[in-house]
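# Overview (structure and organization)
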Amino acid sequence: MTDECFGHPRLAAIYDALDPDRRDLDAYVAMAREFGARRVLDIGCGTGVLALLLAERGVEVVGVDPAEASLDVARGKPGGERVRWIGGDATALPPLRVDLATMTGNAAQAVVDPGAWRKTLRGAYDALRPGGRFVFETRDPARRAWEEWNREASYRVTDIPGVGAVETWVELTDVTEPLVTFRWTYVFAADGQVLTSDSTLRFRGRREVEAQLAGEGYALEDVRDAPDRPGKEFVFVARRP
């Protein structure tokens, strides 16, 4: 199932406004340039921020996401016609041969079922040309990021043009490692509507991910630090031999 923050049309429409600082994507744009990628598959592309950044630079991009509301937002953005948008996930892709596949933000951790994760790794592998790379990030479970996910630390009011003020905050609802479940609440001042979105992430350790990549035939090329969360995340760079 798609989390409401991505799948509900009203929440998808304000997603970018609530998270406007996407400097975390600079590293992915830089890696696409570093690897000379001319064709990119963005898995879990959401509202298409990375896909459009790459398309602006002349890269041929396919963005795939199961949330149609988010894809509708992506399609409607300037330059949206430059990207091929696909509803679904990496387990059922059309034939592709890309230079680079990406999963940014929480996309990799949102695949919580072990079987679905193996199929996602395999789907990305099959979409890559020989020598192509798969790059994704995942939070280091040893840093226990969820301990900072509470209303006191996250509460804010955002004034969104055409929408009005929106109150948001996050609260943990369950921690059963390696799974962490939390709920975002959204209150729209314009009409008082309250919406919630429940999400679960799977926190995988470095050795676990390395073994999973090897099991699907990848050659691990590098494990980098995330510039936006130094010391808190792993950025895996895996290659299809």
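What follows is about the pattern of salt bridges. Taken as a whole and judged by the stated rule, the model has 21 salt bridges. The residue Arg22 makes a salt bridge to Asp19 at a minimum N-O spacing of 4.0 Å. The exposure class assigned to Asp19 is partly exposed, which follows from its relative accessible area of 31%. For the salt bridge of Arg122 with Asp126, the shortest nitrogen-to-oxygen distance reads 3.5 Å. Pair noted here: Arg122 and Asp126 are both in helix H6 (residues 114-127), with a separation of 4 residues, about one helical turn. By relative accessible area, Arg122 is classed as partly exposed at 31%. The class for Asp126 is partly exposed, based on a relative accessible area of 39%. Look at the salt bridges and you will find they share partners, linking Asp19, Arg22 and Asp24 into a network.

Time to look at the state of the cysteines. Within this structure, the stated rule accounts for 0 disulfides. Cys45 supplies the cysteine sulfur nearest to Cys5, a cysteine that is in no disulfide, at a spacing of 14 Å.

This next bit is on the packing of aromatic side chains. Where two aromatic rings form a pair, the distance of their centres and the angle of their planes describe that pair. Overall, the coordinates contain 11 aromatic pairs when judged by the stated rule. Both rings, one in Phe134 and one in Phe136, keep their centres 4.9 Å apart while their planes meet at 35°; by these two values the pair is tilted. Note on accessibility: Phe134 and Phe136 belong to one class, buried. Cluster of aromatic residues (ring-pair linked, three or more members): Trp117, Tyr125, Phe134, Phe136, Tyr218, Phe234 and Phe236. Sitting over the face of the ring of Phe188, Arg10 holds its NZ or CZ atom 3.8 Å from the ring centroid.

Turning next to the side chain of Ser197. Relative to the helices and strands, Ser197 resides in strand E9 (residues 194-202). At a separation of 2.8 Å, a polar atom in the side chain of Ser197 contacts the main-chain amide nitrogen of Cys5.

Cut-offs applied
- Residues numbered from 1 in each chain as written.
- Predicted model: local features only at pLDDT ≥ 70, side-chain atom pairs only at ≥ 80, totals over all residues.
- Heavy atoms only, no water.
- Salt bridge = Lys/Arg side-chain N within 4 Å of Asp/Glu carboxyl O.
- Buried < 20%, exposed > 50% of the residue type's maximum accessible area, 1.4 Å probe, protein only.
- Helix = DSSP H or I, 4+ residues; strand = E, 2+ residues; numbered from the N terminus.
- Disulfide = S-S within 2.5 Å.
- Phe/Tyr/Trp six-rings, centres within 6.5 Å; stacked < 30°, edge-to-face > 60°.
- Lys NZ or Arg CZ within 6 Å of the ring centre and 35° of its normal.
- Polar contact = N/O pair within 3.5 Å; in protein donor to acceptor, adjacent residues only side chain to side chain.

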